[in-house]
Amino acid sequence: MSETALPAHTPLNRERLIAPGPVEVAPNVLLELAQPQMHHRAAAGIAKLMEAREKLTRLLGDPYDAVITTTSGTGAFEGALVSTTPSGAKVVNAQAGKFSERWGEMAQRFGYDTQIIAKPWGEMLDVNEVADACKGAHTLTITHSETSTGALHDLEAIAKAAKAQNPDLIIIADCITSYGNAELRPAAWGVDVVVSGSQKGTATPPGLGFVLFSPEVQARMIKDTPHGFYLDMTRELAGQKAGNTPQTPAINLMYALSVALDRLLAVPLEVLWAEQRRKTDALIAAGTALGAPAWAARPSAAVAVLTPPQGIGGKQVAARLAEMGQRALPGQAPHEDTVFRISTMGYADRYDALAIAGILEDCFASLGVQFERGAAVQAAWNVMK
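Residues numbered from 1 in each chain as written. Predicted model: local features only at pLDDT ≥ 70, side-chain atom pairs only at ≥ 80, totals over all residues. Heavy atoms only, no water.

## Quick look at helix α3 (residues 73-84)
Argument step 1. For α3, built from 12 residues, the straight-helix expectation of 16 Å at 1.5 Å per residue is met to within 8% by its first-to-last C-alpha distance of 17 Å.
Argument step 2. Of all 12 residues in α3, 10 are buried; the element is thus mostly enclosed.
Argument step 3. Those residues of α3 that sit buried are Gly-73, Gly-75, Ala-76, Phe-77, Gly-79, Ala-80, Leu-81, Val-82, Ser-83 and Thr-84. (Helix = DSSP H or I, 4+ residues; strand = E, 2+ residues; numbered from the N terminus. Expected span 1.5 Å × (residues − 1). Buried < 20%, exposed > 50% of the residue type's maximum accessible area, 1.4 Å probe, protein only.)

Here you go:
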């Protein structure tokens, strides 16, 4: 396949973030960052902290208590792990991609008795295999939506099966791209801790992590964990419940987060989840029409991870999109050339999904792919109807 020159109008294109994070942020959210600097100990700062925490709980749909960390999602996950899991405890790590592997590496670094249950990237975790490994374990770390592969693992089935084997098991779920995007019912499923971050479904600039603790797990949290000071979530949770933060928080980002959450909470969660599902299914349909099907058998609602046509690599697709002003991502190493990744998380709607379908047509045409013009847009629209 031979590449062709980009159209002369390309410099006029609006630049877009169509990557699975960071995502597009609404103008009114960005305006919150332009306010005069507020103090986090002032009444307005305390009120905004409490407001944002309450909205995060509503977005989860269950009465879990939220901690907002001034970190990425990785920092939030680390705090959750060391604040619930005592030194030397057995930790089962279920992994099938880049980010789930990270939690296994983290557990090993802290000296936990770590058992890895792994599947090849793109494949689905086996419910019974994970559940059987959890016999006698203290904690299970698992990723719901694997951003590196586009797989949505069956967190409900795995959590229920694992708890049936071990009712005392603590389940920490990486929901960094599923929170606010995919169906997530932690109380009903038996998930104790949910972790996410600001630059994904909540459509806020990077810099905040979220940890949401079930009422039951809070009674088992570790006081003065030896593995963390800044990330001591037991201390942080007690402080934030009282409208306080032991450390200086990114208060400006919390103001922005609170505004961003209003848009997501304007509809019932079921409507929010269904619309995000349709948008991502539309991207997958568009890719399939161009010979670029989804990599995962059970695709996530948060990100479309697509396998490009034979003769084209994921890095090539992402680079061409970047030349068009559209920021997507190739795969994660060692699969960076196997796939490319696009998303409508954040400040995007169904019409953005249709636009991305058209962008993919222009991209693939410029890479020499043969297809009938309009096929990807029509396939996307058929899903969105």
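## Description of the environment of Ser-83
Argument step 1. The residue Ser-83 is located in helix α3 in this model.
Argument step 2. For Ser-83, a relative accessible area of 0% corresponds to the buried category.
Argument step 3. With 139 residues separating them along the chain, Ser-83 and Ile-222 place their C-alpha atoms 5.3 Å apart.
Argument step 4. Look past the residues within four positions of Ser-83 in its chain and what remains in contact with it is Met-221, Ile-222, Thr-225, Leu-231, Asp-232, Met-233 and Thr-234. (Contact = heavy atoms within 4.5 Å.)

## A short note on the sheet that holds strand β9 (residues 193-197)
Working definition: the strands of a sheet are paired by backbone hydrogen bonds and lie parallel or antiparallel to each other.
Argument step 1. A sheet is described by the order of its strands in space; here seven strands give the open sequence β2-β10-β9-β8-β5-β3-β4, paired in mixed fashion. Two strands lie at the open edges of the sheet, namely β2 (65-69) and β4 (113-118), each paired on one side alone. Direction aside, neighbouring strands of the sheet carry axes that sit 20 degrees apart on average.
Argument step 2. Each of β2, β5 (139-143), β8 (170-174), β9 and β10 (209-213) touches α3; the most contacted strand, β9, lies at about 160 degrees to it. (Pairing = 2+ DSSP bridges. Axes fitted to C-alpha atoms, helices over the stretch in contact; angles between N-to-C directions.)

## Topic: the nonpolar core
Argument step 1. Counting residues in each nonpolar core, the largest one holds 47 residues, and the members touching the most others are Leu-56, Ile-68, Leu-140, Ile-142, Tyr-179 and Leu-212.
Argument step 2. Here the element with the most residues in this core is helix α10 (residues 251-264); it accounts for seven residues.
Argument step 3. The contact partners of Ile-142, leaving out residues within four places of it in the chain, are Ala-94, Leu-125, Leu-155, Ile-158, Ile-171, Ile-172, Ala-173 and Asp-174.
Argument step 4. Core analysis: the second largest hydrophobic core is formed by 29 residues, Leu-321, Phe-340, Leu-354 and Ile-356 among them. (Core = buried A, V, L, I, M, F, W, Y, C linked by side-chain atoms within 4.5 Å.)

## A closer look at the side chain of Asn-252
Argument step 1. Along the polypeptide, Asn-252 turns up in helix α10.
Argument step 2. For Asn-252, a relative accessible area of 18% corresponds to the buried category.
Argument step 3. A polar contact of 3.1 Å, which involves the side chain of Asn-252, links it to the side chain of Gln-37.
Argument step 4. Beyond its immediate stretch of four places on either side in the chain, Asn-252 contacts Leu-33, Gln-37 and Met-38. (Polar contact = N/O pair within 3.5 Å; in protein donor to acceptor, adjacent residues only side chain to side chain.)

## Thoughts on the pattern of salt bridges
Argument step 1. One pass over the full model with this rule turns up 19 salt bridges.
Argument step 2. Notably, a salt bridge pairs Lys-241 with Asp-65, separated by 3.6 Å at the nearest N-O pair. Residue Lys-241 is located in helix α9 (residues 233-241), and its partner Asp-65 is located in strand β2; the two are separated by 176 residues in the primary sequence.
Argument step 3. A relative accessible area of 23% places Asp-65 in the partly exposed class.
Argument step 4. The salt bridge involving Glu-323 is made with Arg-320; its shortest N-O contact spans 2.7 Å. (Salt bridge = Lys/Arg side-chain N within 4 Å of Asp/Glu carboxyl O.)

## Comments concerning the sheet that holds strand β13 (residues 329-330)
Argument step 1. Taken together, the three strands give an open sheet; going across it, the order is β11-β14-β13, and neighbouring strands pair in antiparallel fashion. Only two strands of the sheet have a single partner each, and these edge strands are β11 (304-306) and β13.
Argument step 2. In this structure, β13 lies alongside strand β14 (residues 340-342), joined through two bridges in antiparallel fashion. By the bridge assignment, Leu-329 is partnered in β14 with Arg-341.

## Let's talk about the side chain of Thr-85
Argument step 1. Among the secondary structure elements, Thr-85 is positioned in the loop between α3 and β3 (90-95).
Argument step 2. Judged by its relative accessible area of 0%, Thr-85 falls in the buried class.
Argument step 3. A distance of 3.3 Å separates polar atoms of two side chains, one belonging to Thr-85 and the other to Thr-84.
Argument step 4. When neighbours within four sequence positions are excluded, Thr-85 is seen to be in contact with Val-91, Tyr-112, His-138, Thr-139 and Ile-222.

## So, the packing of helix α2 (residues 43-60) against α9
When two helices pack together, their arrangement is given by the angle between their axes and by how far apart the axes lie.
Argument step 1. Where α2 contacts α9, the axes come no closer than 10 Å and their chain directions differ by 110 degrees. Taken as axis vectors, α2 and α9 run roughly perpendicular relative to one another. Packed against α2, whose contacting residues are Leu-49, Met-50 and Arg-53, the element α9 presents Leu-237, Gln-240 and Lys-241 at the interface.
Argument step 2. A class-by-class count of the residues in the contact of α2 with α9 yields three nonpolar, one polar and two charged. (Parallel < 35°, antiparallel > 145°, perpendicular 65-115°, else oblique. Nonpolar A, V, L, I, M, F, W, Y, C, P; charged D, E, K, R; others polar.)

## Considerations on unusual backbone geometry
Argument step 1. In this chain, Gly-21 is followed by Pro-22 through a cis amide linkage whose omega measures -10 degrees.
Argument step 2. Across the junction of Ala-333 and Pro-334, the peptide omega takes the value 10 degrees, indicating a cis bond.
Argument step 3. Take Pro-334: it is sitting in the loop between β13 and β14.
Argument step 4. Backbone geometry places Ala-203, a non-glycine residue, at a positive phi of 55 degrees.
Argument step 5. When you line up the elements, Ala-203 lands in the loop between β9 and β10.
Argument step 6. For Asp-224, which is not glycine, the phi torsion reads 55 degrees and is therefore positive.
Argument step 7. Here Asp-224 lies in the loop between α8 (215-218) and α9.

## Looking at the pairing of β3
Argument step 1. Of all six residues that make up β3, five are buried, and the element is covered over most of its length.
Argument step 2. Two strands pair when backbone bridges link them, and β3 and β4 are joined in this way by six bridges, in the parallel orientation. The partner of Val-91 across the bridge, within β4, is Thr-114.
Argument step 3. Note on the crossover from β3 through helix α4 (residues 98-109) to β4: the handedness is right-handed.
Argument step 4. For β3 and β5, the ladder comprises three bridges, and the chain directions are parallel. What sits directly across from Val-92, in β5, is Leu-140. (Right-handed = clockwise from strand over helix to strand, strands pointing away.)

That's the geometry; what it means functionally is another story.
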